[in-house]
Amino acid sequence: MACRGTVPGAAAALLLLSLGIVGVARGQLQVGFYSDSCPDAEDTVTAAVQDAAGNDPTILPALLRLQFHDCFVKGCDASVLIRSSSNDAEVNNSKNQGLRGQDVVDAAKAQLEDLCPGVVSCADIIALAARDAVAMTGGPSFDVPTGRRDGLTSNLRDADVLPDAADSISHLRSSFAAAGLNDRDLVLLTAAHTVGTTACFFVKDRLYSYPIAGGGNSKTGTDPSIPAAFAAELKARCPPGDVNTRLPLDRGSEAEFDDSILRNIRSGFAVIASDAALATSNATRALVDAYLSAAAGSFQRDFAVAMVRMGSIGVITGEDDGEIRDVCSAFNTN
């Protein structure tokens, strides 16, 4: 799939500099961190993502979700990749239900261990794979600063902080603020739903169990903010009791990275409640409108900036903290 909306290298570097992320001193993230220690690191990750997408294109939005779910829980440290025999790691939290893409990261890591043993972190592989997934679905190409180290903990309950598909706008705004992100980041990162699908499980409450105002505690029905024709369409796709059927998050444009998701949100055609919530706040609705205005044109550029900002949450850098895992799914034993 062709990439469009590319941010030129110089422009991308300026974006990173303006965020205060690129640095020359040890202990900071920087673009090209592996240029000397493992020159083929980024190309190796890209090749692994391309191979996986060739077999299953739906893995691309899954890789975007994987980075989000890693970074929002105590920072971008690959803790979401840890597998536990006692099922008490982050990935076992119900909010990580259906998380995919770990095998792509594992494949890239195995190749990198052959090329440059003990050099490239799993946390950086997640960030690079998400960047590639954006470009391969038609979104912007952008530079990702690297130099993250892998975390030393992964606890099931830590993932309770992850936003939920049913969250209100106030809860979403506070969750993003707690992660050091603002309303613009919330709108832009929600717009990552321009690609991918969701299960009827995450839609059923809006369709059949939404509390009806003035109806008492027991009266429920369909979320009245959903246009009647769209509600009928969703109910046809997700009849009562069906929790597994998948439907596009971006109605009519689920395979291509574009601003269609924002148009759907503004028009009432958001599929999940947390997407629809962007239209319920003056602050976030104004941002959606601005990106859809005739003079916009900055959506893809700003999305790249938001991805870099998210990828910098709580990173571990330097040689005295964290580790470079030998295998992404397990902490090192030494």
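Throughout, residues of each chain are indexed from 1 in the direction in which the sequence is written. Local features in this predicted model are restricted to residues whose pLDDT is 70 or higher, and side-chain atom pairs enter the listing and the counts only when it is 80 or higher, whereas totals over whole chains, interfaces and linings include all residues. Each side-chain value is worked out from all heavy atoms of the structure, with water and hydrogens disregarded.

### Considerations on the packing of helix α4 (residues 102-115) against helix α5 (residues 122-136)
Point 1. As a packed pair, α4 and α5 sit with axes 10 Å apart at the nearest point and diverge in direction by 120°. In terms of their interaxial angle, α4 and α5 are classed as oblique. Judged by the twist between their axes, the crossing of α4 over α5 is right-handed. Across the interface between the two elements, V105, A108, K109 and L112 from α4 touch C122, I125 and I126 from α5.
Point 2. Amino acids are sorted into nonpolar (Ala, Val, Leu, Ile, Met, Phe, Trp, Tyr, Cys and Pro), charged (Asp, Glu, Lys and Arg) and polar (every other residue, Gly among them). For the contact of α4 with α5, the residue count by class is six nonpolar, no polar and one charged. What counts as an axis is a line fitted to C-alpha atoms, over the stretch in contact for a helix, and the angles between N-to-C directions run from 0 to 180 degrees. Under the scheme used here, helices are H or I runs from DSSP no shorter than 4 residues and strands are E runs no shorter than 2 residues, and both carry numbers assigned from the N terminus. What sets the label is the angle itself: under 35 degrees gives roughly parallel, over 145 gives roughly antiparallel, 65 to 115 gives roughly perpendicular, and the rest give oblique. The crossing is said to be left-handed when, going from far helix to near helix, the turn is anticlockwise and less than a right angle, and right-handed when the turn is clockwise. Residue contacts follow a heavy-atom distance rule, with two residues in contact if any of their heavy atoms lie within 4.5 Å.

### A look at the state of the cysteines
Point 1. For the purposes of this analysis, a disulfide is any pair of cysteine sulfur atoms at a distance within 2.5 Å. Across all of its chains, the model carries four disulfides by this definition.
Point 2. Note on cysteine connectivity: C38 is disulfide-linked to C116, with sulfurs 2.1 Å apart. Its S-S torsion of approximately 80° makes the covalent link between C38 and C116 right-handed. Taken together, the residues span a long stretch of sequence, with C38 in the loop between α1 (9-18) and α2 (41-55) and C116 in the loop between α4 and α5 at a distance of 78 residues.
Point 3. Only protein chains enter the accessibility calculation, which uses a 1.4 Å probe; a residue whose area is less than 20% of its type maximum is buried, one above 50% is exposed, and one in between is partly exposed. Owing to a relative accessible area of 1%, C38 belongs among the buried residues under this scheme.
Point 4. Here C122 connects covalently by a disulfide to C328, the sulfurs 2.1 Å from one another. Disulfide C122-C328: the torsion about the S-S bond is -95°, which places it as left-handed. Remark: C328 occurs in the segment after α13 (299-310) and C122 occurs in helix α5; sequence separation between them is 206 residues.
Point 5. Classification of C122 by relative accessible area gives buried; the value is 0%.
Point 6. When the bonded cysteines of the protein chain are numbered from the N-terminus onward, they pair as 1-4, 2-3, 5-8, 6-7.

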